[in-house]
Amino acid sequence: MTGIGPVGEWAGDGIEPEVMPRLVVVFDPEGSAPVAGVAPSPPHGVRVERRPAPGPVSTFAGVGDLARAVGEATADGAAGAVIVHPAETLAETAWALELLHEAAARIVLVAASGGPADLTDAITVAAAGPEWPGCVVVANGEIHAARHVTATGVAAPAFASPEAGPLGQVTGGTPRLLRRPPGRFTVRGPFAGRPPRVGLHVVALGDDGGLLRTLAGDCAGLVVAARAGQAALDALVPVLAETAARIPVVLHSPTTPPAGLAVTRLDPLKARVLMHLLLGSGHDRAAVLDAFAALEADAAVPPVPSSAAAAF
């Protein structure tokens with residue numbers, strides 16, 4: 001039976017005919033989309049069951065419903081789940097599911113506007129090997145970790161992991177790892193009460209801090225993406241320091257951060273997802289910052305193995 005051991009090890013030569021077929025549940029979104037109507041061609045030894053997605057995934061509540069539906073499917077014996085998802089917010093949803101999913105089963109997302117080959121590859125990845133925790137995105141023959149993937153196109157869905165590279169590839173119907181998956185990082189509930197409002201401010205040319213101050217006044221947490229030069233960021237230090245004393249503030253910036261500010265290498269949109277889930281599960285300001293620091297400590301990209309890529 002195909003499996004995955006330590007990177008560099010081959011763990012089998014296919015799914016044996018006499019073994020009960022592995023179940024992969026495919027969750028389809030509402031509405032019509034090219035890949036949603038495709039009849040998948042699962043690999044030998046894999047049984048596919050299609051279910052409607054529990055609701056729209058344009059809100060955190062919808063993503064939570066989807067996470068629970070996936071958990072129920074895997075608890076019922078599914079080896080993994082494939083989620084057909086709109087390309088626009090797919091990377092954010094993948095990261096949210098990575099954070100919410102604690103069970104040891106694969107979750108694979110594929111763009112609704114993708115092609116039949118993407119869906120078939122996603123089913124193959126979801127079924128391959130023994131239980132492997134985590135969430136990945138499959139597109140154009142590549143496998144991307146939820147933590148690192150970002151969308152580079154929407155009309156013709158394309159995804160990349162700019163800082164890490166693909167986690168693996170699907171070649172000739174066989175998924176293979178190119179590097180070790182990043183360490184798991186999960187956020188446990190319960191999630192109760194009013195959802196927190198987490199702001200995302202992008203520092204731009206001429207930014208004087210006025211809009212940042214207004215936004216921060218209506219937020220429980222704030223992510224600041226400073227893609228502009230150091231001078232633009234320096235102009236915001238007084239506002240950032242004032243805000244960071246009251247609510248959790250995390251900075252994503254290629255430049256040297258002001259003293260005392262928490263930093264992250266996460267994509268700003270994903271940093272916002274993480275902060276939302278942390279605050280929503282009852283973490284206070286200090287606990288949120290501690291969680292980001294813990295994630296950064298494990299944020300280094302594992303090296304590509306020197307041996308041949310491992311088969312799932």
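Residues numbered from 1 in each chain as written. Predicted model: local features only at pLDDT ≥ 70, side-chain atom pairs only at ≥ 80, totals over all residues. Heavy atoms only, no water.

### Some words on the overall build of the protein chain
Then step 1. The secondary structure content of the protein chain amounts to 8 helices and 15 strands.
Then step 2. Counting over 312 residues, the protein chain shows a buried share of 50%. (Helix = DSSP H or I, 4+ residues; strand = E, 2+ residues; numbered from the N terminus. Buried < 20%, exposed > 50% of the residue type's maximum accessible area, 1.4 Å probe, protein only.)

### Structural notes on the pairing of strand β13 (residues 249-252)
Then step 1. Side chains V249 and L251 of β13 all project onto a buried face; the interleaved residues V250 and H252 project onto the opposite face, where all are buried too.
Then step 2. Bridge count for strand β12 (residues 221-226) against β13 is 4 bridges, and the pairing is parallel. Looking at the pairing, V224 lines up with L251 of β13.
Then step 3. Across 2 bridges, the pairing between β13 and strand β14 (residues 262-263) is parallel. Bridging from a neighbouring strand, L251 pairs with V263 of β14. (Pairing = 2+ DSSP bridges.)

### Describing the layout of surface pockets
Then step 1. By volume, the largest pocket is sized at about 520 Å³.
Then step 2. Taken together, 21 residues make up the lining of the largest pocket; nearest its centre are F60, A61, G64, F191 and L277.
Then step 3. When contributions to the lining of the largest pocket are tallied by element, the ones reaching two or more residues are α1 (60-75), α2 (90-100) and α7 (268-280).
Then step 4. Of all the elements, α1 adds the most residues to the lining of the largest pocket, at 7 residues.
Then step 5. Of the residues assigned to the lining of the largest pocket, the class counts are 12 nonpolar, 5 polar and 4 charged. (1 Å grid on protein atoms, 1.4 Å probe; cavity = no way out; pocket = protein on both sides within 12 Å on 5 of 7 lines; lining within 4 Å. Points joined across faces, edges and corners; volume = space filled by probe spheres on them. Nonpolar A, V, L, I, M, F, W, Y, C, P; charged D, E, K, R; others polar.)

### A few points about α2
Then step 1. Counting buried positions along α2 yields 10 of 11 residues, so the element is predominantly enclosed.
Then step 2. Taken residue by residue, α2 has L90, A91, T93, A94, W95, A96, L97, E98, L99 and L100 as its buried positions.

### Digging into the environment of G260
Then step 1. Mapping G260 onto the fold places it in the loop between β13 and β14.
Then step 2. For G260, a relative accessible area of 81% puts it in the exposed group.
Then step 3. For G260 and A244, which are 16 residues apart along the polypeptide, the C-alpha to C-alpha distance reads 8.9 Å.

### Brief notes about the environment of K270
Then step 1. For K270, the position within the fold is in helix α7.
Then step 2. Here the alpha-carbon distance between K270 and H148, two residues 122 residues apart in the chain, equals 9.3 Å.
Then step 3. If near-sequence neighbours (up to four positions away) are discounted, K270 is found in contact with A91, W95, A146, R147, H148 and V149. (Contact = heavy atoms within 4.5 Å.)

### Concerning unusual backbone geometry
Then step 1. Here the phi dihedral of N140 falls at roughly 55 degrees; this positive angle occurs in a residue that is not glycine.
Then step 2. Within the secondary structure, N140 is located in the loop between β5 (134-139) and β6 (142-145).
Then step 3. Judged by its relative accessible area of 55%, N140 falls in the exposed class.

### What to know about the side chain of E98
Then step 1. Assignment of secondary structure puts E98 in helix α2.
Then step 2. Exposure remark for E98: the relative accessible area of 7% places this residue in the buried category.
Then step 3. The contacts of E98, once residues within four sequence positions are left out, are G134, C135, A146, R184, F185 and T186.

### Observations concerning the nonpolar core
Then step 1. One finds F27, L97, L109, L274 and F292 to be the most contacted residues of the largest nonpolar core, which totals 48 residues.
Then step 2. Residue assignment for this core shows that the elements contributing at least two residues are β1 (22-28), α1, β3 (80-85), α2, β4 (106-111), β5, α7 and α8 (285-297).
Then step 3. Ranked by residues supplied to this core, first place goes to α2 with 8 residues.
Then step 4. Once you skip the residues sitting within four places of it in the chain, L109 turns out to touch I83, H85, L90, T93, A94, L97, C135, V136, V137 and V138.
Then step 5. Counting 21 residues, the second-largest nonpolar core is a separate cluster that includes V110, A122, V125 and I143. (Core = buried A, V, L, I, M, F, W, Y, C linked by side-chain atoms within 4.5 Å.)

### A word on the sheet that holds strand β11 (residues 198-203)
Then step 1. In spatial order, the strands read β11-β12-β13-β14; together these 4 strands make up an open sheet with parallel pairing. The sheet is open, and its two edges are formed by β11 and β14, each paired on a single side.
Then step 2. Strand contacts of α7: β11, β12 and β13, with the helix running at about 170 degrees to β12, the strand carrying the most contacts. (Axes fitted to C-alpha atoms, helices over the stretch in contact; angles between N-to-C directions.)

### A few points about the confidence of the model for the protein chain
Then step 1. Considering every residue of the protein chain, the mean pLDDT works out to 83; 82% of them sit at 70 or more.
Then step 2. In the model, residues 1-18 has pLDDT below 50 throughout and makes 46 contacts with residues more than four positions away in sequence or in other chains.
Then step 3. The low-confidence segment residues 304-309, where pLDDT is below 50, has 10 contacts with residues more than four positions distant or belonging to other chains. (pLDDT = per-residue confidence, 0-100.)

### Quick word on the packing of α2 against α7
Then step 1. At their nearest, the axes of α2 and α7 sit 9 Å apart, and the two run at 35 degrees to each other. For α2 against α7, the interelement crossing comes out right-handed. Where α2 abuts α7, its residues A91, E92, W95, A96, L99 and L100 lie against L269, K270, V273, L274 and L277.
Then step 2. Residues belonging to the contact of α2 with α7 are distributed by class as follows: 9 nonpolar, no polar and 2 charged. (Left-handed = near helix turned anticlockwise from the far one by under 90°.)

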